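Remarks on the overall topology
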Amino acid sequence: MAAVHLRIGDLVWGKLGRYPPWPGKVVSPPKDLKKPRGKKCHFVKFFGTEDHAWIKVEQLKPYHPHKEEMIKINKGKRFQQAVDAVEDYLKKAKGKEQNSEGKGDSKGKKASNKPLKILEEDDEDLSALKDPSEKDLTDSDPEPSALERLGAGPGSGFKWESSPVKDDPHFHHFLLSQSEKPASSMEPISKRLKIIEEVTGSTSIQAADSTAINGSITPTDKRIGFLGLGLMGSGIVSNLLKMGHVVTVWNRTAEKCDLFIQEGARLGRTPAEVASMCDITFSCVSDPKAARDLVLGPSGVLQGIRPGKCYIEMSTVDPETITELSQVITSRGGRFLEAPVAGSQQLSNDGMLVILAAGDRTVYEDCSSCFQAMGKTSFFLGEAGNAARMMLILNMVQGSFMATIAEGLTLAQATGQSQQTFLDILCQGQMASTFVDQKCQNILQGNFKPDYYLKHIQKDLRLAISMGDMANHPTPMAAAANEVYKRAKALDQSDNDISAVYRAYIH
């Protein structure tokens, strides 16, 4: 088999464990990321995701010679999106190269055959690109430019290494910050998460980037339960079912279960029954009281907990509630994880949530395929309560920001300025984002259909302020925003989207 010569910027197909080959680009690893010992490998950033990993040379193929072959064997939606991202990248790269060649020829300079370096805002990994003058990663002999070599390379007689990766089949878990002893990217997550001792003496665990490639998930064989089919829960359950998980559902309003039963879910009569029937039970409800009642109330989860059963609290609640629930679940021999999610109804439907997990790390690992199905990234943050704290801080920032945007829109109107022009300018500056654009457009159109309930963001602001008080830390911005949301609630906006805070300024 001919040797594969790869350099920074090359497009490849990379394979890891049981997962199908995925399009990626060879990039330079971060300076603090040590190369695993053993066989020769390259650091690859995968298109269509935020995944990155050390991949063995024998598990890499050049992109173009094998493109048709890979497209035939992979049909998932996420896979096609990744291929489309590669094609977009190639078009931009080709245009860049043609422009640079035209300028170079006018001065009679000899065109360089060094690897192409493209620095564009939407490049997959700008910070990872090395200087074009660096040498080949696998061979010191000069080779053609990256684009010239895309159509070349060993296309025949190339086979993937047949031996599977035994230690870590989970393609989505990769950690940039590794401990001082080099650890293989093939090792289990639990071996590669780095615990940092803070100045305060507390410990936290650095986040593992765990982006889902939703089109290629191997679902766990464990029985999954899900309690709460609201804005977030409905999308989560739908994606669990789509990816092949066996799911039993329960909701306080039983009619909401009907759609999921039609999609293949099983029905649980009570939270206790679901917890008893399932290996892993998730819950996603509105507030701390609902979360406690679900576990401690009549026919609650606690009655169905037995040794080894897992319970995962996905609701956004305060750390004290998490501590209480963790204690009662583990007192029955159960295993507990908190996993609140950052996102919206749309992101939940799309399987693009961000999951913040804390508690029993083995439960986090057992839920790998579930988290892949429902989200794009998950972070493990250490002991129970840390995810609740982080989630409240994130929602505090989001709620305060939304209130400020609404204030700006109404001030523009009050001073005779065009609100649409204000938005156009805003979306061309440093604060430009999908969030700003969508929320402002909805406001201007008078569309306040809930993507995230206003009453819930107000609850999160209230809990964040309380958390600040307990830590003796001032939260004046959050306190001011909270008052605006309280006024919006008084104007009957509780069940509208968070952008309906705008109405607090015009009434």
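As annotated in an unreviewed UniProt entry, the chain is Cytokine-like nuclear factor N-PAC from Xiphophorus maculatus. Regarding the chain, the relevant UniProt record gives this comment under Sequence similarities (unreviewed entry): "Belongs to the HIBADH-related family. NP60 subfamily."

Observations regarding the overall build of the chain
In terms of helices and strands, the chain carries 18 helices and 16 strands. Contacts in the chain between residues at least 24 apart in sequence constitute 67% of all its contacts with a sequence separation of at least 6. Put simply, the chain shows about 23,900 Å² of open surface, and 51% of that area lies on carbon and sulfur atoms.

Description of the sheet that holds strand β1 (residues 11-14)
The five strands are arranged β4-β3-β2-β1-β5 in an open sheet whose pairing can be described as antiparallel. Of all strands in the sheet, those bounded by a partner on one side alone are β4 (52-56) and β5 (60-62). Between one strand axis and the next, the sheet turns by 45° as a mean value, whatever way the strands run. In this sheet, β5 lies alongside β1 in antiparallel orientation, the contact comprising three bridges. In the sheet register, Val12 faces β5, and the bridge partner there is Pro62.

Overview of the nonpolar core
Ranked by internal contacts, the top residues of the largest apolar core, which has 35 residues, are Phe226, Leu240, Phe282, Ile312, Met314, Phe371 and Met374. The set of elements that each furnish at least two residues to this core consists of β8 (224-227), α5 (231-242), β9 (247-250), β11 (280-283), β12 (310-313), β15 (353-359), α11 (361-366) and α12 (368-374). Top element by residues in this core is α5. It accounts for five residues. Excluding its chain neighbours within four sequence positions, the residues that come into contact with Phe226 are Gly233, Ile236, Val237, Leu240, Val247, Thr248, Val249, Trp250, Val274, Phe282, Cys284 and Met314. Grouped together as the second largest cluster of nonpolar side chains are 31 residues, Leu392, Ala403, Ala406 and Leu426 included.

Topic: the environment of Asn251
Inspection of the secondary structure puts Asn251 in the loop between β9 and α6 (258-262). You can call Asn251 buried: its relative accessible area is 11%. For the pair Asn251 and Gly268, spaced 17 residues apart in sequence, the C-alpha separation works out to 8.7 Å. Beyond its immediate stretch of four places on either side in the chain, Asn251 contacts Gly228, Leu229, Lys256 and Cys257. At a separation of 2.9 Å, a polar atom in the side chain of Asn251 contacts the main-chain carbonyl oxygen of Thr253.

Let's talk about helix α9 (residues 319-331)
Helical geometry: 3.6 residues make up each α-helical turn, so side chains three or four residues apart lie on a common side. Between its first and last C-alpha atoms α9 spans 18 Å; for 13 residues at 1.5 Å apiece the expected length is 18 Å, and the two agree. Considering only its buried residues, α9 is in contact with α8 (288-296), β12, β13 (335-338), α13 (386-414) and α16 (454-470). Backbone geometry just after α9 places Gly333 at a positive phi near 90°.

A word on the pairing of β12
In β12, alternate side chains face the same way, and those of Cys310 and Ile312 on one face and Tyr311 and Glu313 on the other are all buried. By the bridge criterion, four bridges tie β11 to β12 in an arrangement that is parallel. Of the residues in β12, the one forming a bridge with Thr281 is Tyr311. In this fold, β11 hands off to α8, which returns the chain to β12; that crossover is right-handed. Where β12 meets β13, four bridges bridge the pair, whose relative direction is parallel.

Notes on the packing of aromatic side chains
Summed over the entire model, instances satisfying the criterion amount to eleven aromatic pairs. Here Tyr364 and Phe371 contribute two aromatic rings whose centre-to-centre distance is 5.9 Å and whose plane-to-plane angle is 40°, an arrangement assigned as tilted. Pair check on accessibility: Tyr364 and Phe371 agree, each one buried. In textbook terms, an aromatic cluster arises when at least three aromatic residues are bridged by ring pairs, as seen for Phe226, Phe282, Tyr364, Phe371 and Phe380. Above the face of the Tyr453 ring, Lys455 is positioned so that its terminal group lies 5.1 Å from the ring centre.

Section: the environment of Arg487
Within the secondary structure layout, Arg487 lies in helix α17 (residues 476-490). Taking relative accessible area as the criterion, Arg487 reaches 38% and is therefore assigned partly exposed. Expressed as a C-alpha distance, the spacing of Arg487 and Ala504, which sit 17 residues apart in the sequence, is 5.9 Å. The contact partners of Arg487, leaving out residues within four places of it in the chain, are Ala504 and His507.

Comments concerning the pattern of salt bridges
Within this structure, the stated rule accounts for twelve salt bridges. Across the pair Glu69 and Lys61 runs a salt bridge whose closest N-O atoms are separated by 3.2 Å. For Glu69, a relative accessible area of 35% corresponds to the partly exposed category. Where Glu87 meets Lys67, a salt bridge forms, and the shortest distance between an N and an O atom there is 3.1 Å. With a gap of 20 residues between them, Glu87 in helix α2 (residues 77-105) and Lys67 in helix α1 (residues 67-73) connect regions that are remote in the sequence. For Glu87, a relative accessible area of 21% translates into the label partly exposed.

Calculation criteria
- Residues numbered from 1 in each chain as written.
- Predicted model: local features only at pLDDT ≥ 70, side-chain atom pairs only at ≥ 80, totals over all residues.
- Heavy atoms only, no water.
- UniProt positions renumbered as here; feature names shortened; annotations may be inferred.
- Helix = DSSP H or I, 4+ residues; strand = E, 2+ residues; numbered from the N terminus.
- Contact = heavy atoms within 4.5 Å.
- Areas by Shrake-Rupley, 256 points an atom, 1.4 Å probe, with all protein chains shown as cover.
- Pairing = 2+ DSSP bridges.
- Axes fitted to C-alpha atoms, helices over the stretch in contact; angles between N-to-C directions.
- Core = buried A, V, L, I, M, F, W, Y, C linked by side-chain atoms within 4.5 Å.
- Buried < 20%, exposed > 50% of the residue type's maximum accessible area, 1.4 Å probe, protein only.
- Polar contact = N/O pair within 3.5 Å; in protein donor to acceptor, adjacent residues only side chain to side chain.
- Expected span 1.5 Å × (residues − 1).
- Right-handed = clockwise from strand over helix to strand, strands pointing away.
- Phe/Tyr/Trp six-rings, centres within 6.5 Å; stacked < 30°, edge-to-face > 60°.
- Lys NZ or Arg CZ within 6 Å of the ring centre and 35° of its normal.
- Salt bridge = Lys/Arg side-chain N within 4 Å of Asp/Glu carboxyl O.

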